[in-house]
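One letter stands for each residue in the lines below.
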Amino acid sequence: MQYDPIKHSLGKVFNRAPWLRKVFYFLLNILLLRSWYVRREIRRFARQSTGSKNVLDAGSGFGQYSWFMARIAPDWTITGIDVKPEQINDCRNFFYRCGLQNRVNFREADLVNLPDENAYDLIITIDVMEHIAEDAQVFRNFFRAMKKPSMLLISTPSDKGGSDAHHSNDPSFIDEHVRNGYSMEEITEKLRTAGFSRIEALYSYGTPGHLAWVLTMKYPVIMLNTSRLFFLVLPFWYILTILPALLLNLTDLLTHHHQGTGLIVKAYKE
C-alpha cells in the first residue's frame, strides 16, 4: 500500500489554518499508539533533565513531536530534519505562524549524510529507520551528533509482524518501507557497533495495540488506496472505532509484552 500520497492529501487539508494542524496533531496523538509510547519516553527524559537542551527530531515528518516537545519544554531548542522539502516548508510555515520559529527550526537533510557533531542532548527518530537501507551509517551519524551524556529514542517496526509482515519474505504493508522490521538483537547489536554504551529495548504493539492499528490505520489506508472518496467515510468510521481503539492503546501502553509488532529503543551515549 502507498502511504505517502495519503499523507500528502492529509497535509493539504490540515495546512489550511494553524488550528486545523493542531487538530491533526491531536488526532495523530490519540490514534497512533507509537505516539503514546514516544510521548511517555520524552516526558520521562524531560523530568530527569534540567536546563536547556538541544534536540534533534530526525525525520520530523508533519512535526507533531517537535510541537509536543516545544509545548512541554519551553527551554529546549529543537531542530527538525526531513528529506522531503514539502514537509519542511509546511512545518516552517506552521511554527512561524505559532511564534515558535526562535525555538524550533527545520531544515532539509538526509540522515545518511548528517554532518552534525557533538550537538544534541536528545535525538528522536520515530518510524524512520524502516525507510533507510543504510541504517548502520545513520546510527553512526547519530552517535557522532550526540553530546555526552545524551539519549537516542527510536520507534520502529519489529520482526514479530511489523509492517504487517509475518515472515521474512512477506511484502511490507507500506510500500515505502525497505525492511519489515528489526529483531531486538539486530538493532541492539547495530547500536552497540555504532558506539552506544547502554541500550534499552521493549516491544510495543502487542495484541491490543495491533488490533487498534488494524482498526485505525490498516483498514483506513486500504480504503484510501482504493479511492480518495473514502475520505468522506473516514469520520463515520472513526466515530465507530475511536473508543475501542483508545482503550486498546491504553491497555497496550500499560502492559509488558513478550513480543509485539513494534519496538521502542533507547540508546545512551555516556
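The paragraphs below set out a description of the structure included in this document. Not measured: the values here are computed from a predicted model.

1. Some remarks on the sheet that holds strand S6 (residues 198-204)
Consider a sheet: its strands pair through backbone hydrogen bonds, and that pairing is either parallel or antiparallel.
Move 1: As summarised here, the arrangement of the seven strands in space is S3-S2-S1-S4-S5-S7-S6, forming an open sheet in which the pairing is mixed. Of all the strands in the sheet, the pair left with one neighbour each is strand S3 (104-108) and S6. Each neighbouring strand pair of the sheet contributes to a mean axis angle of 15°, computed without reference to strand direction.

2. Considerations on the pairing of strand S7 (residues 262-269)
Every other side chain in a regular strand lies on the same face of the sheet, so the side chains alternate between the two faces.
Move 1: Of all the eight residues making up S7, eight are buried; the element is thus mostly covered by neighbouring parts of the structure.
Move 2: Taking every second residue as pointing to the same face, both faces of S7 are buried, with Gly-262, Ile-264, Lys-266 and Tyr-268 on one and Leu-263, Val-265, Ala-267 and Lys-269 on the other.
Move 3: Taken together, the eight bridges between strand S5 (residues 146-157) and S7 define a ladder with antiparallel strand orientation. Directly across from Leu-152, in S7, lies its bridge partner Ala-267.
Move 4: Looking at chain direction, S6 and S7 are connected through seven bridges and run antiparallel. The partner of Glu-200 across the bridge, within S7, is Lys-266.

3. Focus on a nonpolar patch on the surface
Move 1: On the surface, Trp-19, Val-23, Phe-26 and Leu-27 cluster together into a nonpolar patch covering about 410 Å² of accessible area.
Move 2: By the secondary structure assignment, Trp-19 is in helix H2 (residues 18-31).

4. Description of the packing of aromatic side chains
Move 1: As enumerated under the stated definition, the model contains ten aromatic pairs in all.
Move 2: Aromatic side chains Tyr-25 and Trp-67 sit 6.2 Å apart centroid to centroid with 45° between the ring planes, which places their arrangement in the tilted category. With a gap of 42 residues between them, Tyr-25 in helix H2 and Trp-67 in helix H4 (residues 64-72) connect regions that are remote in the sequence. Here Tyr-25 matches Trp-67 in class, with each residue buried.
Move 3: The lysine or arginine in question, Arg-198, covers the ring of Tyr-268, its NZ or CZ lying 3.8 Å from the ring centre.
Move 4: The ring of Phe-143 is capped by Lys-269, whose NZ or CZ atom sits 4.4 Å from the centre of that ring.

Thresholds applied
Residues numbered from 1 in each chain as written. Predicted model: local features only at pLDDT ≥ 70, side-chain atom pairs only at ≥ 80, totals over all residues. Heavy atoms only, no water. Pairing = 2+ DSSP bridges. Helix = DSSP H or I, 4+ residues; strand = E, 2+ residues; numbered from the N terminus. Axes fitted to C-alpha atoms, helices over the stretch in contact; angles between N-to-C directions. Buried < 20%, exposed > 50% of the residue type's maximum accessible area, 1.4 Å probe, protein only. Patch = residues over 30% accessible without salt bridge, like charges linked within 9 Å, V, L, I, M, F, W, Y side chains within 5 Å. Areas by Shrake-Rupley, 256 points an atom, 1.4 Å probe, with all protein chains shown as cover. Salt bridge = Lys/Arg side-chain N within 4 Å of Asp/Glu carboxyl O. Phe/Tyr/Trp six-rings, centres within 6.5 Å; stacked < 30°, edge-to-face > 60°. Lys NZ or Arg CZ within 6 Å of the ring centre and 35° of its normal.

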